[in-house]
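# Architecture at a glance
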Amino acid sequence: MENERAWLFRLSNRTTSDLCSSGTNEDLEAIATLKLYAAGEGNSLAVGISPSNVVFDGSSILVSNGPSRSITKRRASDGALLGTFPTPDFATSMAFDGANIWVVNPYQHSVTKLRASDGVNLGSFQVGLSPGAGVAFDGANIWVSNSFDNMVTKLRAGDGTNLGTFPMGVAPAGGAFDGANIWVANTTDDTVTKLRARDGTNLGTFPTGHGPRKLVFDGASIWVANSFTNDVTKLRASDGLNQGTFSVGHGPVALAFDGTSV
């Protein structure tokens, strides 16, 4: 098995869209863990009002600007402004599918697909009520948490076709993909649910701390930010075993994995 340095070097010479189209287990894990590039250091750069979410598309950083109803795109290498793209609603959670950015429209009960290269709007697709808290890509489909409906919606990334809705716990929020399954936090239930990405089969619901919000996958475990207990929970992805709860600062809501640490 390649060590991480070799793995990152190999991936750095392939685009994210290449990874999505090849669809091997190794490449799906790369999508799930975002091991797509060698990390660098940057500076603070201006975006819109109340930025709420950030995604990397292989060469640029895109930031959702909540009440500004826009997404700001900056080149990752030097921070140069590459564009500001309008969104039809408050711009909150986003996901990248290898070519496009999917942004949720919480008050319009939909998600919008924007071409990442130039921000062209490729369509909006209806989901459930209040889809503001979570959206995830599994290599072929977009999963959207609908917090007022207590369900998630699965959309085919190619054309936005609705492939089903699946029941969750109360107030589903952030989602994460582990290479085979979708994990969704149930904020009011203090649990996360594991769905098989292929068909939405429920593979289990596992307790967390109080008020779970966003999730991240580290290649072996799912980490959960528990916003009301000021800690994070680590669950083994294979079976949901609780591997520990770790104190952080006040009101944690999101996480990121850098290849070694969360």
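Take the confidence of the model for the protein chain next. Atom-level detail of predicted coordinates should not be read off regions where pLDDT is low. Residues of the protein chain with pLDDT of at least 70 account for 85%, and the chain-wide mean is 87. Residue range residues 1–13 is modelled with pLDDT below 50. Its contacts to residues more than four positions away, or to other chains, number 17 contacts.

Moving on to the sheet that holds strand β13 (residues 172–177). Strand order in this open sheet of four strands is β13-β14-β15-β16, and the pairing throughout is antiparallel. Two strands close off the open sheet at either side, each with one partner strand: β13 and β16 (202–207). Ignoring which end each strand starts from, the neighbouring axes of this sheet average 20° apart. Pairing of strand β14 (residues 181–186) with strand β15 (residues 191–196) involves six bridges; the strand directions are antiparallel. Within β15, the residue paired with Asn 181 across the bridge is Arg 196.

The subject of this paragraph is the sheet that holds strand β2 (residues 60–64). Judged by pairing direction, the sheet is antiparallel, and its four strands sit side by side in the order β1-β2-β3-β4 without closing on themselves. Looking at strand neighbours, the two that pair on one side only are β1 (53–56) and β4 (81–86), the edges of this open sheet. Across the sheet, the axes of successive neighbouring strands diverge by a mean angle of 20°, strand direction being ignored. As judged from the five bridges shared by β2 and strand β3 (residues 70–75), these two strands associate in the antiparallel manner. Pairing of Leu 62 across the sheet is with Lys 73, part of β3.

Moving on, we come to empty space enclosed by the protein. All chains considered together, the criterion is met by one cavity of 30 Å³ or more. In this model, the largest cavity occupies a volume close to 30 Å³. Along the walls of the largest cavity sit Gly 134, Ala 136, Trp 143, Val 144, Ser 145, Val 152, Gly 175, Ile 182 and Val 184, which together make up its complete lining. Elements that contribute at least two residues to the lining of the largest cavity include exactly β10 (141–146) and β14. Of all the elements, β10 adds the most residues to the lining of the largest cavity, at three residues. Looking at the lining of the largest cavity, its residues break down into six nonpolar, three polar and no charged.

By secondary structure assignment, the location of Lys 154 is in strand β11 (residues 151–156). Of the side chains with opposite charge, Asp 138 lies nearest to the buried Lys 154, which makes no salt bridge, at 5.1 Å. Here the side chain of Lys 154 touches Arg 198 through a polar contact of 3.0 Å, landing on its backbone oxygen.

Moving on to the environment of Thr 112. Take Thr 112: it is sitting in strand β7 (residues 110–115). You can call Thr 112 buried: its relative accessible area is 0%. Linking Thr 112 and Met 94, residues 18 residues apart in sequence, is a C-alpha distance of 9.5 Å. Contacts of Thr 112, omitting those with residues within four sequence positions, involve Pro 88, Ile 101, Trp 102, Val 103, Asn 105, Asn 121, Gly 123 and Ser 124. Side chain to side chain, Thr 112 and Ser 124 meet in a polar contact 2.6 Å long.

Looking now at the pairing of strand β8 (residues 121–126). Alignment of β7 against β8, held across four bridges, turns out to be antiparallel. Across the sheet, the residue bridging to Ser 110 is Gln 126, located in β8. In textbook terms, the turn of a hairpin is the stretch between consecutive antiparallel strands, and for β7 and β8 this stretch comprises five residues, one of which, Gly 119, has a positive phi near 75°.

Overall, the coordinates contain five salt bridges when judged by the stated rule. Arg 75 serves as the salt-bridge partner of Asp 78, at 2.8 Å between the closest nitrogen and oxygen. The partly exposed category is assigned to Asp 78, whose relative accessible area is 48%. On the accessibility criterion, Arg 75 (35% relative accessible area) is partly exposed. With a shortest N-O distance of 2.8 Å, Arg 156 and Asp 159 are connected by a salt bridge. Taking the relative accessible area as the measure of exposure, Arg 156 reaches 36% and is therefore partly exposed.

Scoring rules and cut-offs
- Every chain is numbered on its own, with residues counted from 1 as its sequence reads.
- Reporting of local features is limited, given that this is a predicted model, to residues whose pLDDT is at least 70; pairs of side-chain atoms are given and counted only at 80 or more, and all residues count toward the totals for whole chains, interfaces and linings.
- As a rule here, side-chain values cover all heavy atoms of the structure and leave hydrogens and water aside.
- pLDDT: the predictor's confidence for each residue, scored from 0 to 100.
- Residue contacts are defined here by distance: any two heavy atoms, one from each residue, within 4.5 Å place the two residues in contact.
- Here the rule is simple: two strands pair whenever DSSP picks up at least two bridges between them.
- Numbering of helices and strands runs from the N terminus, with a helix taken as a DSSP run of H or I at least four residues long and a strand as a DSSP run of E at least two residues long.
- Between N-to-C directions, angles cover 0 to 180 degrees, with each direction set by a line fitted to C-alpha atoms, over the stretch in contact for helices.
- Cavities and pockets are found on a 1 Å grid laid over the protein atoms alone: a cavity is a set of points where a 1.4 Å probe fits but cannot escape, a pocket is an open set with protein on both sides within 12 Å along at least five of seven lines, and a lining residue has an atom within 4 Å of such a point.
- Grid points are joined across faces, edges and corners, and a volume is the space filled by probe spheres set on the points.
- Under the convention adopted here, Pro, Cys and the residues Ala, Val, Leu, Ile, Met, Phe, Trp and Tyr are nonpolar, Asp, Glu, Lys and Arg are charged, and Gly plus all remaining residues are polar.
- For every residue, the accessible area obtained with a 1.4 Å probe (protein chains only) is divided by the maximum for its type, and the residue is called buried under 20%, exposed over 50%, and partly exposed between those limits.
- His residues and chain termini do not enter the charge count, which takes Lys and Arg as positive and Asp and Glu as negative.
- A side-chain nitrogen of Lys or Arg and a carboxyl oxygen of Asp or Glu constitute a salt bridge if their distance falls within 4 Å.
- Any pair of N or O atoms that falls within 3.5 Å is considered a polar contact. Within protein, one atom must be able to donate a hydrogen and the other to accept it, and sequence-neighbouring residues count only if both atoms are side-chain atoms.

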